[in-house]
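Summary of structural features
As a plain string of letters, each chain reads:
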Amino acid sequence: MRKYFLLSAVALLATSTANAAMRVATTTIQSDAVIMDTVNVTCNVDFGAIIRNLNSTGEQSVTLQGYDGAANATYSDGITGGYIKPNLDCTLADVNATVFLEANNSDITLSGQDDGNKDYNLSAHLYIEDGSNTVTQATLTIPESTPAGNYRGTITVNVLIN
């Protein structure tokens, strides 16, 4: 009798566990995707060779104006253009798109080193005319104590595809 009682008790426990209410949770899963189109941008802002008078003092600058490689350079006192001509050519491939910099203006830092490996920076300011797809003006500022050398920098521009 005891054996049947134990079997009945186990059967009751098993039945009550099997019939227990199940809990179900639901959730929302979000999925995102970003699709970007690319365009070819050819950009060359080259201030060329800058010849500085050894006795010149103060900050100097070079301003390039133009587009499609036809850059007109304006030099401040104490510097002139050299054997490497300036080039301002920053245009998009043949697409209906516009290059834009924040508020049509942006700064770029050009870095270089002197013979003792001390770092120096120059700053250039780029300007894009409203609705244009070219850089139309670039100005390079040369601080008074900047040594002779090669300076290079890069900038990221956004392209709005119309």
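In what follows, the accompanying structure is described.

What counts, and where the lines are drawn
Residues numbered from 1 in each chain as written. Predicted model: local features only at pLDDT ≥ 70, side-chain atom pairs only at ≥ 80, totals over all residues. Heavy atoms only, no water. Core = buried A, V, L, I, M, F, W, Y, C linked by side-chain atoms within 4.5 Å. Buried < 20%, exposed > 50% of the residue type's maximum accessible area, 1.4 Å probe, protein only. Helix = DSSP H or I, 4+ residues; strand = E, 2+ residues; numbered from the N terminus. Contact = heavy atoms within 4.5 Å. Polar contact = N/O pair within 3.5 Å; in protein donor to acceptor, adjacent residues only side chain to side chain.

Ranked by internal contacts, the top residues of the largest apolar core, which has 15 residues, are Phe47, Leu110, Leu122, Ala124 and Leu140. Going through the elements one at a time, β3 (60-67), β8 (105-113), β9 (119-128) and β10 (135-142) are the ones with two or more residues in this core. Looking at this core element by element, the count peaks at 4 residues for β9. Every residue in contact with alanine 124, bar those within four places of it in the chain, is listed here: Phe47, Ser106, Asp107, Ile108, Leu110, Thr139 and Leu140.

Once that is clear, we can look at the environment of asparagine 44. In this structure, asparagine 44 sits in strand β1 (residues 41-46). Between the C-alpha atom of asparagine 44 and that of asparagine 87, which follows or precedes it by 43 residues, the distance is 6.8 Å.

We now examine the environment of threonine 146. Looking at the element boundaries, threonine 146 is found in the loop between β10 and β11 (158-161). As a C-alpha pair, threonine 146 and tyrosine 120 span 26 residues in sequence and 6.9 Å in three-dimensional space.

A relative accessible area of 6% means that threonine 146 is categorised as buried. For threonine 146, the side chain forms a polar contact with the main-chain oxygen of proline 143, separated by 3.0 Å. Threonine 146 has contacts with Arg52, Leu122 and Tyr151, leaving out every residue within four places of it along the chain.

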